[in-house]
Structures are given as C-alpha cells and as structure tokens.
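One letter stands for each residue in the lines below.
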Amino acid sequence: MDKPMGWLVRTLAVAATGVTVGLLSTAASAQEIRNDVQDLRQDRKEIRQDNREIRGDRRELRGDTKEIQGDRRDLRDAQKSGDPIAVKDAKQDLRGDRRDLRSDGKDRRGDARDLRQDKRDRRGDVKDLRHDRRDLRKDVAEKSAK
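Quick caveat, the model's predicted, so the values are computed rather than measured.

**Remarks on the overall build of the protein chain**
So, point 1. Tallying secondary structure elements over the protein chain gives two helices and zero strands in all.
So, point 2. Split into buried and exposed, the 146 residues of the protein chain put 25% on the buried side.
So, point 3. In the protein chain, 85% of the contacts between residues at least 6 apart in sequence involve partners at least 24 apart.
So, point 4. In the structure as shown, the protein chain presents an accessible area of about 11100 Å², 53% of it carried by carbon and sulfur atoms.

This is the structure we're talking about:
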C-alpha cells in the first residue's frame, strides 16, 4: 500500500509544481504587459512634450526672423541717414538677432532629434507589447488545452 501511495504523492507533487511554474510564467507575462503599457504611456507623454517644444521653437524662429527683417530695415535707414553710431548699433543688433536665430534653430533641430528617438522607442514598445500579448495568449491556450 505504501508504494502506490508514494507514487501518487510524488505524481501530485510534480503536477502541483508544474502548475505553479506555469502560473508564475503567466504572471510574469502579465507583468511584462503592464510594464509595456506603462512604457507606451510614457513614450506618448514624451512625444507630446517634444511636439510642444518644437511648436515653441518654431514660434521663436518666426519671431527672430521678423526681428532680423526689422534690424535690416533699421540698418538701411541708418545707412541712408549717414549716422555712423546708428549704423554701428544697427549692425550689432543684427548680429545679435542672427546669433539668436542660429541658437533657436539648433534647439529646434535637437528637439526634432528627440522626437524621432521617442517615436522609435514607442514603436519598439508597441512591438514588445504585441509580442508579450501573443506569448500570453499562447501560454493561456496551452494551459487550457492541458
């Protein structure tokens, strides 16, 4: 009698271990999915922020361009008047505004680069989420088939 009972106990222990391992792997997949969804939310937030920054940079560029146009007009007027101090001040204003324009252009390019990287990250996270969901469906289907 002891031998059949020992065999039965061992079989049940192995089965319980298998079920526990199977459930833990499913739980890990569910956790991976939660992490991927959280990563997607964060990526969307970063993309929205980058778009906001790019719009702001474009506004700054338009403003700088208008300032440069005004400075050129002022320089022409100063040259027509023949006042050397006014010409010097107009040239200095023009140089400063051109420097600001270059700086704002650099900022915009950097923000555009960040946006492209965030979009790449988001595509990768979507792919990971898709794979994790597919793996979870396979695991659940395998467990229900057993």
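Let us keep going from here.
**Here we look at the nonpolar core**
So, point 1. Within the largest apolar cluster, six residues are counted, these being Ile68, Leu75, Ala78, Val87, Ala90 and Leu94.
So, point 2. Breaking this core down by element, the ones donating at least two residues are helix 1 (2-81) and helix 2 (84-145).
So, point 3. Beyond its immediate sequence surroundings of up to four residues, leucine 75 is in contact with Val87, Ala90, Lys91 and Leu94.

**A short note on the side chain of aspartate 71**
So, point 1. With respect to the element layout, aspartate 71 can be found in helix 1.
So, point 2. No salt bridge is formed by the buried aspartate 71, whose closest oppositely charged neighbour, arginine 98, lies at an N-O distance of 8.2 Å.
So, point 3. Sequence-distant contacts of aspartate 71, that is, excluding residues within four places in its chain, are made with Asp93, Leu94 and Asp97.

**Re a negative patch on the surface**
So, point 1. A cluster of acidic side chains, namely Asp74, Asp77, Asp83, Asp89 and Asp93, defines a negative patch on the protein surface.
So, point 2. When residues of the negative patch are traced back to their parent elements, those giving at least two are helix 1 and helix 2.
So, point 3. Looking at the secondary structure, you find aspartate 77 in helix 1.

**What about the environment of arginine 73?**
So, point 1. With respect to the helices, strands and loops of the structure, arginine 73 is situated in helix 1.
So, point 2. A C-alpha to C-alpha distance of 9.1 Å links arginine 73 and alanine 90, two positions 17 residues apart in sequence.

**As for the environment of alanine 86**
So, point 1. Within the element layout of this structure, alanine 86 appears in helix 2.
So, point 2. In this structure the C-alpha to C-alpha distance between alanine 86 and aspartate 74, which are 12 residues apart in sequence, comes to 8.7 Å.

**Notes on the environment of glutamine 79**
So, point 1. With respect to the helices and strands, glutamine 79 occurs in helix 1.
So, point 2. The spacing of glutamine 79 and alanine 90 is 11 residues in sequence and 9.3 Å in space, taken between C-alpha atoms.

**Here's the deal with the side chain of aspartate 111**
So, point 1. Examined against the element boundaries, aspartate 111 turns out to sit in helix 2.
So, point 2. Of the side chains with opposite charge, arginine 108 comes closest to the buried, unpaired aspartate 111, at an N-O distance of 8.1 Å.
So, point 3. Each residue touching aspartate 111, except ones within four places of it in the same chain, is listed here: Asp50, Glu53, Ile54 and Asp57.

Conventions used here
Residues numbered from 1 in each chain as written. Predicted model: local features only at pLDDT ≥ 70, side-chain atom pairs only at ≥ 80, totals over all residues. Heavy atoms only, no water. Helix = DSSP H or I, 4+ residues; strand = E, 2+ residues; numbered from the N terminus. Buried < 20%, exposed > 50% of the residue type's maximum accessible area, 1.4 Å probe, protein only. Contact = heavy atoms within 4.5 Å. Areas by Shrake-Rupley, 256 points an atom, 1.4 Å probe, with all protein chains shown as cover. Core = buried A, V, L, I, M, F, W, Y, C linked by side-chain atoms within 4.5 Å. Lys, Arg positive; Asp, Glu negative; His and termini not counted. Salt bridge = Lys/Arg side-chain N within 4 Å of Asp/Glu carboxyl O. Patch = residues over 30% accessible without salt bridge, like charges linked within 9 Å, V, L, I, M, F, W, Y side chains within 5 Å. Charge placed at Lys NZ, Arg CZ, Asp CG, Glu CD.

Function cannot be read off these values alone, since they describe shape.
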